[in-house]
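# Working through the structure, step by step
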Amino acid sequence: MPIIPVLTGPTGTGKTELALRLGRLFPLAVVSADASMVYRGMDIGTAKPSQAQREAVKHHLIDVVWPDQRFSVSDFIHLAEEAIQETLAQGQVPLVVGGTGYYIRALSEGMHTLPEPDSEVQAELWKIVERQGIEPLLQELERASPEDAQRVQRNPRRLVRAVEVLRRTGLPPARFPKRVPRFRYRKLVLWPDWAWLEPRLELRVAGMFAQGLVQEVEGLLAAYPQMPTALQGIGYKEVAGYLRGAYGLEEARKAIIRATRAYAKRQYTWFRKEPGEVTFLPHGGDEAWPGVLGWFRQALE
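Residues numbered from 1 in each chain as written. Predicted model: local features only at pLDDT ≥ 70, side-chain atom pairs only at ≥ 80, totals over all residues. Heavy atoms only, no water.

### Details of helix α3 (residues 73–89)
When the terminal C-alpha atoms of α3 are compared, their 24 Å separation across 17 residues agrees well with the 24 Å that a helix rising 1.5 Å per residue should span. Where α3 is concerned, the buried positions are Val-73, Phe-76, Ile-77, Ala-80, Glu-81, Ala-83, Ile-84 and Thr-87. Buried residues in α3, looked at end-on, bunch into an arc of 160°, giving them a common side. Packed against the buried residues of α3 are β1 (3–8), β2 (28–32), β3 (59–60), β4 (93–97), α4 (101–109) and β5 (184–190). A positive phi of about 80° marks Gly-91, the residue just after α3. (Helix = DSSP H or I, 4+ residues; strand = E, 2+ residues; numbered from the N terminus. Expected span 1.5 Å × (residues − 1). Buried < 20%, exposed > 50% of the residue type's maximum accessible area, 1.4 Å probe, protein only. Arc of directions from axis to C-beta. Contact = heavy atoms within 4.5 Å.)

This is the structure in structure tokens:
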């Protein structure tokens, strides 16, 4: 069985550009492991590679569903494994790239086989989130399963799903058996110092506004006025609040920076405990290129 390379790390570390550089040198196809890039129309706020970049290097699992459509981790695993198999059959190398640690962990280590979602139970839980925030549900999950509370990474959608399973079955997701992965994986985690990453995150947010993030969110809200779960992501939620008059544009920008920093810190915490065959590279961006190139060449041997 071939070992599939995985390039991951916190947001803003340059994963997309490094994968594109590899794609110019090697016959590979990128399998995206980003929970937001699956949604059509959500381009700027997700830092999605451009159409030209995707034509230069083939990408899978980008623009898969509309923002109001359901997309679960099991959907991701199914499509990712299909893309990996297709790429191998074409004589190319599948390179999994992205920062959604939950997706990468489920793909590489196996995911718990849970019962089908119950929309009525979830609807009641979403009402709690809307009225009180995520803390009550997070505390409920923490009491039952600290492992699951850590795994959801304060992501409302994952939290609601975990508590739904807990309330319906009396068992947290971690108590369910795991599905066996179809492939083996070798992971490279970009691991730059926080002092290097933090200013890049601010520049990243500024770039999104310059590219038209406000206009992108405006168009999405016109198409999806109920703001589905997909639009609760970082950048979209904050700009939506500005467009609805909750606060000014500068406050929205600051809120996005705060949320992005917090997310990056959670990613550091998550990847620090990444299981399996893992290499940590203490660089990001251009500085990481020699290490990424050497690691990828070894992965091909």
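### Quick word on the packing of aromatic side chains
Using the criterion set out here, one finds 6 aromatic pairs in the structure. Considering the side-chain rings of Trp-295 and Phe-296, the 6.4 Å spacing of their centres and the 55° angle between planes classify their relative orientation as tilted. Neither residue differs from the other here; Trp-295 and Phe-296 are each classed as buried. Three or more aromatic residues link up through ring pairs in this structure, and these residues are Trp-191, Trp-194, Tyr-268 and Phe-280. (Phe/Tyr/Trp six-rings, centres within 6.5 Å; stacked < 30°, edge-to-face > 60°.)

### So, unusual backbone geometry
Note: most residues except glycine have negative phi, and most peptide bonds are trans. Phi at Ala-47 takes a positive value of approximately 55°, unusual for a residue other than glycine. Within the fold, Ala-47 resides in the loop between β2 and α2 (51–56). The partly exposed category is assigned to Ala-47, whose relative accessible area is 28%.

### Describing the environment of Trp-191
Locating Trp-191 in the fold gives a position in the loop between β5 and α9 (194–211). The spatial distance from the C-alpha of Trp-191 to the C-alpha of Thr-8 is 9.3 Å, given a sequence separation of 183 residues. Contact partners of Trp-191, with chain neighbours within four places excluded, come to Tyr-268, Phe-271, Arg-272, Phe-280, Leu-281, Pro-282 and His-283.

### A closer look at the pattern of salt bridges
Under the criterion given, the structure shown has 21 salt bridges. Between Arg-258 and Glu-251 there is a salt bridge, with its nearest N and O atoms 3.0 Å apart. Taken together, the salt bridges that share partners define one network made up of Asp-43, Lys-48, Arg-54 and Asp-63. (Salt bridge = Lys/Arg side-chain N within 4 Å of Asp/Glu carboxyl O.)

### Some thoughts on the sheet that holds strand β6 (residues 277–281)
Taken together, the 6 strands give an open sheet; going across it, the order is β3-β2-β4-β1-β5-β6, and neighbouring strands pair in parallel fashion. On the outer flanks of this sheet lie β3 and β6, each paired with one strand and no other. (Pairing = 2+ DSSP bridges.)

### Comments concerning the side chain of Glu-81
As for its placement among the helices and strands, Glu-81 is situated in helix α3. For Glu-81, the residues in contact, after removing those within four places along its chain, are Leu-107, Arg-179, Pro-181, Arg-182 and Phe-183.

### Overview of the packing of helix α5 (residues 119–132) against helix α8 (residues 156–169)
Contact pair α5 / α8: the axes reach a minimum separation of 9 Å and the direction vectors enclose 125°. The orientation of α5 with respect to α8, classified from their angle, is oblique. The crossing of α5 and α8 is right-handed. Within the contact between the two elements, α5 uses Val-121, Gln-122, Leu-125, Trp-126, Ile-128 and Val-129 and α8 uses Pro-156, Arg-157, Val-160, Arg-161, Val-163, Glu-164, Arg-167 and Arg-168. Here the residues of the contact of α5 with α8 are counted per class, giving 8 nonpolar, 1 polar and 5 charged. (Axes fitted to C-alpha atoms, helices over the stretch in contact; angles between N-to-C directions. Parallel < 35°, antiparallel > 145°, perpendicular 65-115°, else oblique. Left-handed = near helix turned anticlockwise from the far one by under 90°. Nonpolar A, V, L, I, M, F, W, Y, C, P; charged D, E, K, R; others polar.)

### Regarding the packing of helix α6 (residues 135–144) against α8
Relative to each other, α6 and α8 sit at 55°, their axes nearing to 10 Å. As summarised for this structure, α6 and α8 are arranged oblique, according to the angle between their axes. Note on packing geometry: the crossing formed by α6 with α8 is left-handed. Between α6, through Leu-137, Leu-138, Glu-140, Leu-141 and Ala-144, and α8, the contact on the second element is made entirely by Leu-159, Val-160, Ala-162, Val-163, Leu-166 and Arg-167.

### Considerations on the nonpolar core
Counting 44 residues, the largest nonpolar core has Phe-76, Val-96, Tyr-185, Leu-213 and Leu-231 as the members making the most contacts within it. Every element with two or more residues in this core is listed here: β1, α3, α4, α9, α10 (213–223), α11 (236–243) and α12 (249–272). For Tyr-185, the contacting residues outside a window of four places in its chain are Ile-3, Ile-4, Val-6, Ile-84, Val-96, Leu-107, Ser-108 and Glu-277. Leu-28, Val-93, Leu-281 and Phe-296 belong to the second-largest nonpolar core, a separate cluster that totals 21 residues. (Core = buried A, V, L, I, M, F, W, Y, C linked by side-chain atoms within 4.5 Å.)

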